[in-house]
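Chain residues, written in single-letter form:
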Amino acid sequence: MAQPDFSPSAERNKQPILEVLLQCLPAQGTALEIASGTGQHVEWFAAQLPQWTWQPTEVHRGALYNIEVRVAQAGLDNVLDAMQLDVRTEPWFAQAAAPPTFDLIFCANMLHIAPWEACTALMRGAAQHLDANGKLVTYGPYFETGVPPSQGNVEFDQSLREHDPSWGIRLREDVEQVAAQAGLRLAARHTMPSNNLLLVWAREP
Ligand SMILES: C[S@@+](CC[C@H](N)C(=O)[O-])C[C@H]1O[C@@H](n2cnc3c(N)ncnc32)[C@H](O)[C@@H]1O
């Protein structure tokens, strides 16, 4: 079996993210991961949270095999087959007899590496597929009004926009606005290493 792709940043941030998840998640549940990338997050979280069932997804079909190799090598039985999912193709589970709901929807490092429509679609999809008490967790770099940005994030944002003008680090308040339009509110904000934030979103009461 070929070695799966590897992301050094996912390797660094998986444990800090897990520590926050452990604070805010119940002991068991079902999780949908959006933009699973290399699958390192789902591998780590599924191994550390064995009472949870995980559904990894990726927009790029080629990445699905990579995720499955990683999960198989780890011998995890609480991870479902990776499925192709583009957040902008709605509804997300068009083939399902009934739309599935999840206790957690987790999405790391997608909002700045996708057009803004991916953010609005993520919020709409999460609102549709979160259980009543479910949480959407987004992780990555954000700008915030009144918070001086780090030089690293300013340079990262510039390089993203040079690569693709529709990409870029999002303003947290803009994300909150589209979340509110979808019926979600920001329930918690966690500062994370390397100038990242972990944001927890819940249904409006
Ligand atoms: C920087 S990678 C992050 C991967 C992983 N979540 C992590 O943190 O290591 C960005 C991911 O967003 C995914 N992505 C981009 N546009 C997307 C879309 N419209 N729907 C779902 N995923 C998307 C890419 O395929 C890629 O896996």
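It should be noted that the structure appears before, not after, this text.
Let me begin by describing the structure that accompanies this report. (Residues numbered from 1 in each chain as written. Predicted model: local features only at pLDDT ≥ 70, side-chain atom pairs only at ≥ 80, totals over all residues.)

Broken down by element type, the chain carries 6 helices and 9 strands. Radius of gyration (C-alpha) of the chain: 16 Å, near the 17 Å computed for a compact globule of 205 residues. Seen along its three principal axes, the alpha-carbon backbone of the chain occupies a region of about 45 × 40 × 30 Å. Relative to its 205 residues, the chain shows a buried fraction of 36%. (Helix = DSSP H or I, 4+ residues; strand = E, 2+ residues; numbered from the N terminus. Rg over C-alpha atoms; globule rule 2.2 N^0.38 Å. Buried ≥ 20, exposed ≤ 12 C-beta atoms within 10 Å, placed from the backbone.)

What follows concerns the site of the ligand. By nearness alone, 19 residues border the ligand, and Ala-35, Gly-37, Ala-108, Asn-109 and Ala-114 come closest of all. Classifying every residue of the shell around the ligand gives 10 nonpolar, 6 polar and 3 charged. (Near = placed C-beta within 6 Å. Nonpolar A, V, L, I, M, F, W, Y, C, P; charged D, E, K, R; others polar.)

This next bit is on the nonpolar core. Ranked by size, the top nonpolar core spans 47 residues in total, and within it Ile-34, Ile-105, Leu-122, Ala-126 and Val-137 carry the most contacts. Each residue touching Ile-105, except ones within four places of it in the same chain, is listed here: Leu-32, Ile-34, Ala-126, His-129, Leu-130 and Leu-136. (Core = buried A, V, L, I, M, F, W, Y, C linked by C-beta atoms within 7 Å. Contact = placed C-beta atoms within 7 Å.)

This next bit is on the packing of helix α2 (residues 40-48) against helix α3 (residues 61-74). At a minimum axis distance of 9 Å, the contact between α2 and α3 shows a crossing angle of 30°. Taken together, the axes of α2 and α3 are roughly parallel relative to one another. Seen from above, α2 lies across α3 with right-handed handedness. The residues of α3 that touch α2, namely those facing Val-42, Glu-43 and Ala-47, are Ile-67, Arg-70, Val-71 and Ala-74. Its residues assigned to classes, the contact of α2 with α3 comprises 5 nonpolar, no polar and 2 charged. (Axes fitted to C-alpha atoms, helices over the stretch in contact; angles between N-to-C directions. Parallel < 35°, antiparallel > 145°, perpendicular 65-115°, else oblique. Left-handed = near helix turned anticlockwise from the far one by under 90°.)

Let us look at the packing of helix α4 (residues 116-129) against helix α6 (residues 172-182). Taken N-terminus to C-terminus, the directions of α4 and α6 make an angle of 35°; their axes are 9 Å apart at the nearest point. Along this stretch, α4 crosses α6, giving a crossing that reads as right-handed. Where α4 approaches α6, its residues Cys-119, Thr-120, Met-123, Arg-124 and Ala-127 are matched on the opposing element by Val-175, Val-178, Ala-179 and Ala-182.

Of note, Ala-114 is situated in the loop between β4 (102-108) and α4. According to the C-beta neighbour criterion, Ala-114 is buried, with 21 such atoms within 10 Å. Taking the C-alpha atoms as reference, Ala-114 lies 7.0 Å from Ser-166; in sequence the two are 52 residues apart.

That bond from Glu-90 to Pro-91 is cis: its omega, 0°, falls within 30 degrees of zero. We note that Ala-35 has phi near 60°; this positive angle belongs to a residue other than glycine. With respect to the element layout, Ala-35 can be found in the loop between β1 (29-34) and α2. Under the C-beta neighbour-count criterion, Ala-35 is labelled buried, with 24 such atoms within 10 Å.

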